[in-house]
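Single-letter residue listing:
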Amino acid sequence: GIQVEQSPPDLILQEGANSTLRCNFSDSVNNLQWFHQNPWGQLINLFYIPSGTKQNGRLSATTVATERYSLLYISSSQTTDSGVYFCAVDSGGSNYKLTFGKGTLLTVNP
Amino acid sequence: DGGITQSPKYLFRKEGQNVTLSCEQNLNHDAMYWYRQDPGQGLRLIYYSQIVNDFQKGDIAEGYSVSREKKESFPLTVTSAQKNPTAFYLCASSIGHDTQYFGPGTRLTVL
């Protein structure tokens, strides 16, 4: 099956810093999503981005499908950005299941 | 409000018991999914259903069972055959390959 690797596994920032999270995947994809998991476990959709670039406030994402990677940018980080960021992909075909990476644990210190 | 609800939020199970986790959605999505998350890990797919009365095994289906009698509902039963059921269980739904939306989760602990 498709493999998803996220880096770095852990990241510690001071408030106000910028960061880039990376997601590599091993095959072509129909769907790529970025999620933020909050301290209560809720998975919050950030982006649905199988290709191209999207921006939402301080967050933006770029997926280069031909090179099989996606990047999540967080600018001017805040303590509320802390949590685990997951990348998940759907390799298409007749089923819609997502394969998740192991996540990046982001800690933003005040 | 449209969304996905899961109940209960916390569940405790004794050895040898079957328990059922509820998942309901009012988003009119055709597809529904159950994922399991262990501490420090990503999510792994247990079962998924793309239409009513049909479902498929995911990557870790052993010890679990599901039903899909209604479009809105996709309950998951954790059977006594599941050797290590303590985990966080998340339900999701989608329209085809489009965005998957997740419920708040159920934390299951075996006593």
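These figures come from a predicted structure and were not determined experimentally. (Residues numbered from 1 in each chain as written. Chains lettered and ligands numbered in written order. Predicted model: local features only at pLDDT ≥ 70, side-chain atom pairs only at ≥ 80, totals over all residues. Heavy atoms only, no water.)

Digging into the overall build of chain B
Item 1. The secondary structure content of chain B amounts to zero helices and 11 strands.
Item 2. Listed N to C, the secondary structure of chain B is β-β-β-β-β-β-β-β-β-β-β in terms of helices and strands.
Item 3. For 111 residues, the compact-globule estimate of 2.2 N^0.38 gives 13 Å, and the C-alpha radius of gyration of chain B, at 13 Å, lies within 12% of that figure.
Item 4. Taken along the three principal axes of its C-alpha coordinates, chain B extends 35 × 25 × 25 Å.
Item 5. For chain B, the proportion of its 111 residues judged to be buried stands at 52%.
Item 6. Contacts in chain B between residues at least 24 apart in sequence constitute 52% of all its contacts with a sequence separation of at least 6.
Item 7. With the model as given, the accessible surface of chain B reaches about 5400 Å², and the carbon-plus-sulfur share is 48%.
Item 8. Separation between the mean location of the 11 positive side-chain charges and that of the 11 negative ones in chain B comes to 8 Å. (Helix = DSSP H or I, 4+ residues; strand = E, 2+ residues; numbered from the N terminus. Rg over C-alpha atoms; globule rule 2.2 N^0.38 Å. Buried < 20%, exposed > 50% of the residue type's maximum accessible area, 1.4 Å probe, protein only. Contact = heavy atoms within 4.5 Å. Areas by Shrake-Rupley, 256 points an atom, 1.4 Å probe, with all protein chains shown as cover. Lys, Arg positive; Asp, Glu negative; His and termini not counted. Charge placed at Lys NZ, Arg CZ, Asp CG, Glu CD.)

Considering the pairing of strand β3 (residues 19-25) of chain A
Residue and element names in this part refer to chain A.
Item 1. Only one face of β3 is covered, namely the face carrying S19, L21, C23 and F25; the face carrying T20, R22 and N24 is uncovered.
Item 2. As judged from the four bridges shared by strand β1 (residues 4-7) and β3, these two strands associate in the antiparallel manner. Considered in β3, the bridge of S7 is made with R22.
Item 3. Where β3 meets strand β8 (residues 69-74), six bridges bridge the pair, whose relative direction is antiparallel. The partner of R22 across the bridge, within β8, is L71. (Pairing = 2+ DSSP bridges.)

Observations regarding the sheet that holds strand β7 (residues 64-66) of chain B
Residue and element names in this part refer to chain B.
Item 1. Pairing is antiparallel in the open sheet, where four strands are placed in the order β1-β3-β8-β7. Whereas interior strands pair on both sides, the edge strands pair on one side only; in this sheet they are β1 (4-7) and β7. The sheet shows a mean angle of 20° between the axes of neighbouring strands, taken without regard to direction.
Item 2. The pairing of β7 with strand β8 (residues 76-78) spans three bridges and is classified as antiparallel. Residue pairing across strands places S65 opposite T77, the latter belonging to β8. (Axes fitted to C-alpha atoms, helices over the stretch in contact; angles between N-to-C directions.)

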